[in-house]
Amino acid sequence: MSDQILLNIAGVNKRFGGLQALTDVGITINKGQIYGLIGPNGAGKTTFFNVITGLYQPDSGTFELDGKPYSPSAPHEVAKAGIARTFQNIRLFGEMTALENVMVGRHVRTRQGVFGAIFRHKAARAEEAAIRQRAQELLDFVGIGRFANRTAKFLSYGDQRRLEIARALATEPKLLALDEPAAGMNATEKLALRELLVKIKADGKTVLLIEHDVKLMMGLCDRITVLEYGKKLAEGLPAEIQKNQAVIEAYLGGSH
Ligand SMILES: Nc1ncnc2c1ncn2[C@@H]1O[C@H](COP(=O)(O)OP(=O)(O)OP(=O)(O)O)[C@@H](O)[C@H]1O
């Protein structure tokens, strides 16, 4: 396998009762790419995402991250393997500060873990200070450093999305997986999100995202896979996808 490849997934099938939600779906994402997953409502994007990130058990499929097989059997296994995700509906600790939310993400990668931090053993304290500093750096990186001590639920919608991304980045993922990050954003917030994703890519990260805003996707992604009825309809450069007749008929031609 090429050392350019970060994520290689093949042959994913997933059935919900009588519904075949995914049929033989696979993707290959190279290191440093922003990779997009698009398709009509109900096409299977979220299901595929949930399979990749360990939330749903696939009926079949092979999974490799950075040249090593990984088991998508549970979200914490996937996080340990190096994939961090955000959710369609924001899932922050609303009563905690922005900084604390990011610190929680960071604990995935630390020796002491959450319990060390809670019981504040001596050894944990030095680590805690480092975690705090890194969390602040991440908040600065996503552009909300000045809100570090604000309770998460009082941040604006766009800033909560940024905070989710900072928390995901705190796990030092090889792959950052974003589920509809622009959902519910206004035009200004979308522009800012776009700038942030470009910055994350420039920082050497690899990103997988599902998004309904086709214009945003076409201008941002290096490659795109289109799903329809749980199958791969097309895969290629944004310019190729935009010209693809089957994609235009199934998805782009409509009101999307
Ligand atoms: N937990 C579940 N149980 C049963 N059926 C499900 C479940 N999750 C998804 N489905 C079905 O699988 C199909 C694919 O849904 P999925 O949410 O993956 O599509 P999607 O492309 O993400 O759609 P959207 O763009 O609307 O979010 C749909 O028919 C959906 O109803």
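Residues numbered from 1 in each chain as written. Predicted model: local features only at pLDDT ≥ 70, side-chain atom pairs only at ≥ 80, totals over all residues.

Engineer: Can you walk me through helix 1 (residues 45–52) in this structure?
Structural biologist: Counting buried residues in helix 1 gives seven out of eight residues, a clear majority hidden from the surface. By the burial criterion, the buried members of helix 1 are K45, T47, F48, F49, N50, V51 and I52. One or two steps after helix 1, the chain reaches G54, where phi turns positive at roughly 85 degrees. (Buried ≥ 20, exposed ≤ 12 C-beta atoms within 10 Å, placed from the backbone. Helix = DSSP H or I, 4+ residues; strand = E, 2+ residues; numbered from the N terminus.)

Engineer: Please explain the sheet that holds strand 2 (residues 19–30) as it appears in this structure.
Structural biologist: Strand pairing within a sheet occurs via backbone hydrogen bonds; the two strands may be parallel or antiparallel. Spatially, 2-1-4-5 is the arrangement adopted by the four strands of the open sheet, whose pairing is antiparallel. Pairing within the sheet leaves two strands with one partner each, and these edge strands are strand 2 and strand 5 (68–69). Running over the sheet, helix 1 touches strand 1 (5–16), strand 2 and strand 4 (60–65) and is turned about 115 degrees from strand 1. (Pairing = 2+ DSSP bridges. Contact = placed C-beta atoms within 7 Å. Axes fitted to C-alpha atoms, helices over the stretch in contact; angles between N-to-C directions.)

Engineer: Just to check I follow, could you spell out the pairing of strand 10 (residues 231–236) for this structure?
Structural biologist: Side chains on a regular strand alternate between the two faces of the sheet. Where strand 9 (residues 223–228) lies against strand 10, five bridges are found, and the strand directions are antiparallel. Bridge pairing in strand 10 places E228 opposite K231. Between strand 9 and strand 10, which pair antiparallel and follow one another directly, the connecting turn spans two residues, one of which, Y229, has a positive phi of 50 degrees.

Engineer: Teacher, can you tell me more about the sheet that holds strand 3 (residues 34–38) here?
Structural biologist: Pairing in this open sheet of six strands is mixed, and the strands run 6-7-8-3-9-10 from one edge to the other. In this open sheet, the two edge strands, each paired with only one partner strand, are strand 6 (83–85) and strand 10. Shown here is a sheet whose adjacent strand axes are inclined to one another by a mean of 20 degrees, direction ignored. In terms of strand pairing, strand 7 (residues 175–179) meets strand 8 (residues 206–210) through five bridges, oriented parallel.

Engineer: What's the story with the site of the ligand in this structure? I'm lost.
Structural biologist: Within the structure, the ligand sits among F16, L19, A21, G39, N41, G42, A43, G44, K45, T46 and T47. Taken together, the elements giving at least two residues each to the shell around the ligand come down to strand 2 and helix 1. In terms of residues, the shell around the ligand owes the most to one element, helix 1, which gives three residues. Split by residue class, the shell around the ligand holds four nonpolar, six polar and one charged. (Near = placed C-beta within 6 Å. Nonpolar A, V, L, I, M, F, W, Y, C, P; charged D, E, K, R; others polar.)

Engineer: Looking at this model, I keep getting lost on the pairing of strand 4. Mind explaining?
Structural biologist: Residue alternation in strand 4 divides its side chains into a buried set, G61, F63 and L65, and an unburied set, S60, T62 and E64. In this structure, strand 1 lies alongside strand 4, joined through five bridges in antiparallel fashion. Directly across from I9, in strand 4, lies its bridge partner F63. By the bridge criterion, two bridges tie strand 4 to strand 5 in an arrangement that is antiparallel. Within strand 5, the position partnered with L65 by the bridge is K68. Hairpin remark: strand 4 followed by strand 5, antiparallel, with two residues in the connecting loop; positive phi at D66, about 55 degrees.

Engineer: What is the right way to look at the nonpolar core in this model?
Structural biologist: The tendency in soluble globular proteins is for nonpolar side chains to be buried as a group. F48, V102, L139, A166 and A177 are the most contacted members of the largest nonpolar core, which has 63 residues in total. In contact with F48, not counting residues within four places along its chain, are V12, L22, V25, L37 and L227. (Core = buried A, V, L, I, M, F, W, Y, C linked by C-beta atoms within 7 Å.)

Engineer: Can you walk me through the domain arrangement of the chain in this structure?
Structural biologist: Reports often express the size of an interface as the amount of accessible area lost when the parts come together. If you check the domain split of the chain, you get domain 1 (1–82 + 173–256) and domain 2 (91–172). For domain 1 and domain 2, the distance between their C-alpha centres works out to 26 Å. If you look at the interface, domain 1 gives ten residues, while domain 2 gives twelve residues. Split into classes, the residues belonging to the side of domain 1 that touches domain 2 amount to eight nonpolar, one polar and one charged. (Domains from an automatic or database assignment.)

Engineer: Please explain unusual backbone geometry as it appears in this structure.
Structural biologist: With the exception of glycine, the majority of residues adopt a negative phi angle, and the majority of peptide bonds are in the trans configuration. In this model, D24 sits at a positive phi of 50 degrees, which is unusual for a non-glycine residue. If you trace the backbone, D24 turns up in strand 2.

Engineer: Help me out: how do you make sense of the confidence of the model for the chain in this one?
Structural biologist: Should pLDDT be low for a region, the predicted coordinates there are not to be read in detail. Considering every residue of the chain, the mean pLDDT works out to 90; 92% of them sit at 70 or more. Interface scoring of the predicted complex returns ipTM 0.95; its pTM is 0.89. (pLDDT = per-residue confidence, 0-100.)

Engineer: In this structure, what is going on with the packing of helix 6 (residues 157–169) against helix 7 (residues 187–202)? I would like to understand it.
Structural biologist: Pairs of packed helices are described in terms of their axes, by the angle between the two and the distance that separates them. Running from amino to carboxyl end, helix 6 crosses helix 7 at an angle of 20 degrees, the nearest separation of the two axes being 10 Å. Classified by the interaxial angle, the pair formed by helix 6 and helix 7 is roughly parallel. Helix 7 is crossed by helix 6, and the crossing has right-handed handedness. Contacts between helix 6 and helix 7 involve G158, R161, R162 and I165 on the former and, on the latter, E189, A192, L193 and L196. Across the contact of helix 6 with helix 7, the residue classes tally to four nonpolar, one polar and three charged. (Parallel < 35°, antiparallel > 145°, perpendicular 65-115°, else oblique. Left-handed = near helix turned anticlockwise from the far one by under 90°.)

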